[in-house]
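# Residue-level structural notes
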Amino acid sequence: MTALTSRHTDRAGAPARHPGLNLGHAHREGEESREEMVFGFWVFMMSDMILFGLLFGTYVTMLGGTAGGPGPKDLFDMRGAFFETMLLLVSSFTFGMASLALKYRDDRRVLVGWLLVTLLLGLGFVAHELYDFHRMFEAGGVPSRSGFLSAFFSLVPLHGLHVTVACIWLIALLGQLAVHGLDAQTKNGLIRLAILWHFLDIVWIGIFSLVYLGGLA
Amino acid sequence: MNDSTHWLLGRLDASALPFWDALQHPTTKNVINAVIASGAASMVVLGAIAVVIGLTWTRRWGWLWREWLTSPDHKKIGIMFIALALVMLARAVIEAVLMRLQQAFGLDGGFLTADHFGQLFTTHGTIMVFFMAMPFLTGMINYVMPLQIGTRDLSFPVMNQISLGLTAAGAAVVMISLVLAPFSTGGWTGYPTFTGHAANPGAGVDYWIWAVTLSTLSSTLSGINFAVTIYKRRAPGMSWMRLPLFTWTALCTAILMIFAMPPLTVATALLALDRYLDFHLFTADMGGNMMNYINLFWAFGHPEVYILILPAFGIFSEVFSTFAGKTLYGYKALVIATLAIAVLSFTVWLHHFFTMGQSAHINAVFGIATMLIGIPTGVKIYDWMLTLFRGRIRMSVPMIYASGFLMLFVLGGLTGIVLAVPSVDYQVHNSLFLVAHFHNMLIPGLLFGMLAGTNFWFPKAFGFRLEERWGRRAAYAWIIGFMLAFFPLYALGVLGMPRRTVAFFTPAYLPWTLTALVGATIVLLAMACLVIQLWVSVRDRHLNAMPIGDPWDGRSLEWAVSSPPPEYNFPVIPEVYGRDAFMLEKERGKAYQVPDEFPDIVLPANSPMGVIFAVTGTAMAFGLTWYQWWMVLLAAGITLAAVIARGFCRNTTRTLSGEEVRRTHLTWLAQVRATTPVARSREQSTDNRGLPVPPVEGAIQ
Amino acid sequence: MSRRTLSDAEAQERASEQRSYLWGFALALILTLIPFGVAAFAEWRPLHLYLLIGLCAMVQVVVHFRCFLHITLARNKREDLQLILFTALILLIMVGGTLWILFNLYYRMMPHMLP
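Residues numbered from 1 in each chain as written. Chains lettered and ligands numbered in written order. Predicted model: local features only at pLDDT ≥ 70, side-chain atom pairs only at ≥ 80, totals over all residues. Heavy atoms only, no water.

## Observations regarding the overall build of chain B
The helix and strand tally for chain B stands at 21 helices and two strands. For a compact globule of 701 residues, the expected C-alpha radius of gyration is about 27 Å, and chain B comes in at 26 Å, within 12% of that figure. Its C-alpha atoms put chain B at 75 × 55 × 45 Å along the principal axes. Going through the 701 residues of chain B one by one, you find that 62% of them count as buried. Measuring between centres, the 44 positive side-chain charges of chain B sit 7 Å from its 36 negative side-chain charges. (Helix = DSSP H or I, 4+ residues; strand = E, 2+ residues; numbered from the N terminus. Rg over C-alpha atoms; globule rule 2.2 N^0.38 Å. Buried < 20%, exposed > 50% of the residue type's maximum accessible area, 1.4 Å probe, protein only. Lys, Arg positive; Asp, Glu negative; His and termini not counted. Charge placed at Lys NZ, Arg CZ, Asp CG, Glu CD.)

Now the structure itself:
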């Protein structure tokens, strides 16, 4: 058995180890665990994607199950959906700017600034979604009313729950930034959160297109 | 229940005790059932007390905590998974025997109440799938796969702990349900509307939902862990076409876990929403549609059976090749067949509900897709037979299981092809024919595979061989017991006996149910043989010790290290030059060499995350089942806090000095040089210290 | 003061990455505004509207993957692309199968569940 002591050294100039979002060559420390973590997180996201896909499928099969209760046209508000869409889209962009700051700048100020903007947009999204649900409840659109509403409230709030968890994670990462600075592990966390954030925006494309626009069309 | 304790206990009260019903209505039947249920409950309680006293008496709490519960070592986690699986196997086999007893005496009644019988078949199925088969194969992959690909641990050791914790929590919930009854009576599939709130408002279905959900989450995480490990952590030179076949099947199983668990998560979560928050997804009224549940459940359920069977295929491949002393015949065909099975398994789920009412053309499409899976499986069978062809076969215990598998599995597969014809399925749907079919796949397939794997790799994990005589007895008892217990069920199914029947009124069934009872008794004997085998092996461990670590003249890398392997597996990461990596080294005389240098080794540090998830998972499931909301919130809060705190943790590794590694390794190598090699023909004797005679130079192995 | 001194290659990379985010944002914005605008202000036939919404959504998903998540066809990034495509295949099988089966059932047995 031949000794192979360091299979992962000397990587200068090599292409980025893991695909997609990455930090580049200036962030060598923790590169190896980052490669595995980012790939693992991608796999987890894809598992989550199946979950959302099936809920979308269930929603479509339940469209007819209004049981004489209010339907999409009675409950959905296009302006609210548009506002939420914009909040998420802009937050995806601001997280992109945060990723750029993480990758190319040494100080934390710009990074933290973009992250805080992103957090506010995320919280704004959750708040507005809650308000929207409240409005639907007032109009008689409660999940126990019909199969259709049950399907709606098992799909859309799950996305909102994901955004909430992402916000909590972001706050925890800001805490890590404050305590440990921008070390390898914090960077690992930020880059995974970036993937989650962009992924949630992709799921939202499905929601505003299929649920809101499809329901109102 | 008064208001002051209501917030504390939720809807839990004295009626949850297994003998409560008999106290209220002391009919003969109720008393018999209460005795059985209370006996089981007291076994759980006494078992728990015995473990606690035993640990305290021998002062092993600290040892248990440090060496096992908080250990991130994939080998220890694997062993704990398998130990859990064996305990649950024992319970579920006893339940099976009870069910066979009931049906043997079930003409005009039997001795079990319908409710008790319902709980028996539900827990039997749930345990066998989620808390026996899944932990068994997860443990197997956990232990063997990293050794086979030449790495030190899985990619995410702490997540591995959490997987174990979640499965343990689910198993704990099922065990607790014996003491604070009832469990669900809805079968392991839990179809609404029977499991909906309207028909079944009690705690049973909620126990089932949360136990299954915990297991699902655990398997998803395990799948991610295995797949990433195989993708990213292979030793240098271990290219895809050099992977041992067990690792290939582990990868395919992992991929299936990642993509097939979400449908079940969705199904159980939506059922929970129906039950807890008055949703109407699967209800009979208000626009609900219970057929959606069936569809979702089997979108998981069918890939699941391939999750269960593929690792067993991998184990048999290793066993056939090792004990025939030949390289696997048709390696590439086997790999392609495995991949084909994995993808095709996503396209056949409708064959579980041919009778639901969809058009004939849909049934035909899924029926044909189902039969197509027979092709890659057939390829595998032929490859295994050709591996055996002209080999010098040693009939060791794993080989006995493997031979039983080869013959019985083909029979089960053929009945599967029969069932895949929708028009035939209409006749035998929901009959015992189906029960016979899937037991015919899962016992000779999965269970024999796991038991073969246990006999095969046990010496690797513990440093001594399992005793062969009792092992053979167990294997033969399993094979014969299985045939007697399940072949009659084919006949009963064709005669028209529905599955899950508590009582029947057709005397013609009786000879068959009695034969099946004889079979079940022999299976119980097989279980006893397994226990005796373990006992005798531990007693004679010095006689059967094999510290060198290669008792069967093995072919892949796990045999290249000492038994038990050091916690870092390999002092230096090996380099791989071909398929059957270790056999290649032995052929070239390159095995057991001294490495040039011993670098320091970084290992993951111990972490209590697995234990935290086990405790909070159990508490959350229990609280949700009995409406103890304070417990749910507390457990959820602790889990969240633990996860966030873990993110702040920075001392997640520890370093082992190269000097220490060097000392250990050189001691072992000295032992290797001092050991007399043993020929293959003598490998089952006490001469076997784990060092086989090196192959003749140039001979084809 | 804050920017690390970047080598030329890095500066170029940074510029192209920033461009990617800006392009992504602009394209996503347009692809959001079109369906919302048409749904809100134009009187299209439902079928055409559904097609437009579906098309825009699909293109926008690709834009997000490409510009925000940097999934491209470059050789060293194939692993994730394969993962995503495999997921898409499984989704197609599972969700497509679900819709096929259930709508067939509705058509045969539960016409009131047809939307």
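## Looking at the pattern of salt bridges
Residues and elements named next belong to chain B. Summed over all chains, the structure comprises 22 salt bridges over all chains. Residue Arg11 is joined to Asp206 by a salt bridge in which the shortest nitrogen-to-oxygen separation is 2.6 Å. Placement of the pair is Arg11 in the loop between α1 (3-9) and α2 (20-24) and Asp206 in helix α8 (residues 204-232), with a sequence separation of 195 residues. Its relative accessible area of 0% is what places Asp206 among the buried residues. Across the pair Asp687 and Arg682 runs a salt bridge, and its minimum N-O distance is 2.4 Å. Accessibility expressed as a relative area gives 37% for Asp687, which makes it partly exposed. Salt bridges linked by common partners bring Asp550, Asp553, Lys586 and Arg680 together as one network. (Salt bridge = Lys/Arg side-chain N within 4 Å of Asp/Glu carboxyl O.)

## What to know about the packing of helix α11 (residues 331-344) of chain B against helix α12 (residues 360-388) of chain B
Residue and element names in this part refer to chain B. Contact geometry for α11 and α12: axes closest at 9 Å, N-to-C directions at 155°. Judged by the angle between their axes, α11 and α12 are roughly antiparallel. Both α11 and α12 take part in a crossing whose hand is left-handed. Only Leu372, Ile373, Pro376, Thr377, Val379, Lys380, Asp383 and Trp384 of α12 make contact with α11, whose side of the interface consists of Ala333, Leu334, Ala337, Thr338, Ala340, Ile341 and Leu344. A per-class count over the contact of α11 with α12 returns 11 nonpolar, two polar and two charged. (Axes fitted to C-alpha atoms, helices over the stretch in contact; angles between N-to-C directions. Parallel < 35°, antiparallel > 145°, perpendicular 65-115°, else oblique. Left-handed = near helix turned anticlockwise from the far one by under 90°. Contact = heavy atoms within 4.5 Å. Nonpolar A, V, L, I, M, F, W, Y, C, P; charged D, E, K, R; others polar.)

## Observations regarding the interface of chain C and chain B
Taken together, the contacts link 19 residues of chain C with 27 residues of chain B. When chain C packs against chain B, close to 2,000 Å² is buried across both sides, 75% of that on carbon and sulfur atoms. Together, C:Met94, C:Trp100 and C:Ile101 form the three largest contributors to the area buried by chain C at its contact with chain B, with a combined 29%. Linking chain C to chain B there are zero salt bridges. (Buried area = accessible area lost by both parts, 1.4 Å probe.)

## Some thoughts on helix α7 (residues 157-179) of chain B
Compared with the 33 Å implied by 1.5 Å per residue over 23 residues, the 34 Å span of α7(B) between its first and last C-alpha is a close match. Within α7(B), 19 of the 23 residues are buried, which leaves it mostly tucked inside the rest of the structure. (Expected span 1.5 Å × (residues − 1).)

## Description of the UniProt feature "transmembrane region" (unreviewed entry) in chain C
The sites that UniProt annotates as "transmembrane region" (unreviewed entry) are residues 21-42, 48-69 and 81-107 of chain C. Secondary structure over residues 81-107 of chain C splits into 100% helix and 0% strand, and the C-alpha atoms at its two ends are 38 Å apart. (UniProt positions renumbered as here; feature names shortened; annotations may be inferred.)

## Quick notes on the packing of helix α10 (residues 291-324) of chain B against α12(B)
Residue and element names in this part refer to chain B. One can describe the packing of α10 onto α12 by two numbers: an axis separation of 9 Å at closest approach and a directional angle of 20°. The orientation of α10 with respect to α12, classified from their angle, is roughly parallel. Relative to α12, the crossing made by α10 is left-handed. Listed contacts from α12 to Tyr306, Phe313, Ser317, Phe320, Ser321 and Ala324 of α10 are Ile373, Thr377, Lys380, Trp384, Thr387 and Leu388.

## With respect to the domain arrangement of chain C
Assigned domains of chain C: these are domain 1 (1-70) and domain 2 (73-115). Between the C-alpha centres of domain 1 of chain C and domain 2 of chain C the distance comes to 24 Å. (Domains from an automatic or database assignment.)

## So, the interface of chain C and chain A
Contacts between chain C and chain A engage 53 residues on the former and 51 residues on the latter. Taken together, chain C and chain A are joined by two salt bridges. Among the ionic pairs, A:Lys103 bridges to C:Glu13, the shortest N-O distance being 3.2 Å. For the pair chain C and chain A, the interface holds six residue pairs in polar contact (both at pLDDT 80 or more). (Polar contact = N/O pair within 3.5 Å; in protein donor to acceptor, adjacent residues only side chain to side chain.)

## Points about the side chain of B:Arg555
Within the secondary structure, B:Arg555 sits in the loop between α17 (510-539) and α18 (581-587). At a separation of 3.5 Å, a polar atom in the side chain of B:Arg555 contacts the side chain of B:Ser321.

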